[in-house]
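In case you want the letters, here they are:
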Amino acid sequence: MTDSASTAFLRALPKCEHHMHIEGSLEPSLVFQLAKANGIELPPADYSSVEALEERYKHFTSLDDFLAFFNRAMDVLITEMDFELMAYAYMLRAAKDGVAHAEVFFDPQAHVGRGIDLKVVVDGLTTGLKRGERDFGISFKLICCFVKHLSVASAVETVESIIPFVKSGEVLGLGMDSTEIDNPPEKYASVYARAKELGMEYFTGHVGEEGPAQSVRTAVMDMGLRRIDHGIHAADDDELLKILAEKNVFLTLCPVSNVQLRCVTKVAEVPILKFMEYGVKFSLNSDDPAYFGAYCLEVYEAVHDAFNFSKSVWKGLVADSINGSWCGQERKTELLAKLDSVMVEWENKEI
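Residues numbered from 1 in each chain as written. Predicted model: local features only at pLDDT ≥ 70, side-chain atom pairs only at ≥ 80, totals over all residues. Heavy atoms only, no water.

Here we look at the nonpolar core
The tendency in soluble globular proteins is for nonpolar side chains to be buried side by side.
Thought 1: If you look at the biggest cluster of nonpolar residues, it comprises 115 residues, and the most contacted ones within it are Tyr90, Phe106, Ile162, Tyr291 and Trp314.
Thought 2: Contact partners of Tyr90, with chain neighbours within four places excluded, come to Glu17, Met20, Ile22, Ser25, Val99, Ala102, Val104 and Tyr295. (Core = buried A, V, L, I, M, F, W, Y, C linked by side-chain atoms within 4.5 Å. Buried < 20%, exposed > 50% of the residue type's maximum accessible area, 1.4 Å probe, protein only. Contact = heavy atoms within 4.5 Å.)

As for the sheet that holds strand β4 (residues 173-177)
Thought 1: Judged by pairing direction, the sheet is parallel, and its five strands sit side by side in the order β1-β2-β3-β4-β5 without closing on themselves. Where the open sheet ends on each side, the last strands, each with one partner, are β1 (15-21) and β5 (202-203).
Thought 2: Relative to β5, β4 runs parallel, the two being bridged by two bridges. Looking at the pairing, Gly173 lines up with Tyr202 of β5.
Thought 3: Across the sheet, helix α9 (residues 189-197) touches β3 (139-147), β4 and β5, and the angle it forms with β4 is around 170 degrees. (Pairing = 2+ DSSP bridges. Helix = DSSP H or I, 4+ residues; strand = E, 2+ residues; numbered from the N terminus. Axes fitted to C-alpha atoms, helices over the stretch in contact; angles between N-to-C directions.)

Side note on the environment of Ser6
Thought 1: Within the secondary structure, Ser6 is located in helix α1 (residues 4-12).
Thought 2: In this view, Ser6 contacts His304 and Ile351; residues no more than four positions away in its chain are not counted.

Thoughts on the environment of Met176
Thought 1: Along the chain, Met176 falls in strand β4.
Thought 2: Look at Met176 and you get buried, because its relative accessible area is 0%.
Thought 3: C-alpha separation for the pair Met176 and Leu198, spaced 22 residues apart in sequence, amounts to 17 Å.
Thought 4: Beyond its immediate sequence surroundings of up to four residues, Met176 is in contact with Cys145, Phe146, Lys148, Pro185, Tyr188, Tyr192, Thr204, Gly205, His206 and Val207.

This is the structure we're talking about:
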């Protein structure tokens, strides 16, 4: 296990999180709190207590098993304040972990499909994230994701509905998430094309978590994505790795999530070293921390336990994550300066 010195060093690093589903930060305690406040009856078999739910979260058998709980818990999110509380709770925890910049996913279809107005969702999330920015100094961007288990037409409708929030500056980018099974990326090419027509500029997508390297190749070469969420199966194709490095494609890796969802058996099996060997840039992220039992710092600790990186390697990885962020250059310069100051502070200390 990571010792106290290593943890202190990893906490001090100005970490950037690029792959965190805000609905995935909905802790069991908040699920029960909001269910009570909103008069929502939770299925007693799986929701008998906070402790029982926390225990169940430790035993996901697959992505689809996890998604069943993920989607069910969202039923407790009703009011603007609910979304604000969830967003602020994440920022509070992120601050304790030393996160400096967060790019946060949310799933509009999961809420609009329940009859929740999109403005309620975006306003609540934005208010909570702005409170966190004010209180903790964590900069943020909000990224809309469409879900692949619903129709392409629904995804296009989602893109069209989010555009006013893009124009207002509340939402920056577009991604796609949910199950990859029977949902190759090319199925959604028209969704990204429509988003580009409407003026969106920042794009990412969950590809290569369950799906093969070919899915990553398609997303990059045919659809033009320059950020890939997960993408671990890209490591199965050495020629693809060369392409990713050449085109400066950025991966948002989630090592603990990969273990929890049975993509790998341990963090050491995540192809981090191979990505580094080929010069493929990436960041380390929590994905759905309330479900997988690891927020950003715990992910960094798990990676350190697996690979025992030196301080200089960590500096390079954090610099890559800063430069791969969708914040402005001024903010990147601030974070790189913070990284330099941390390295000076730790120059004569062991981790």
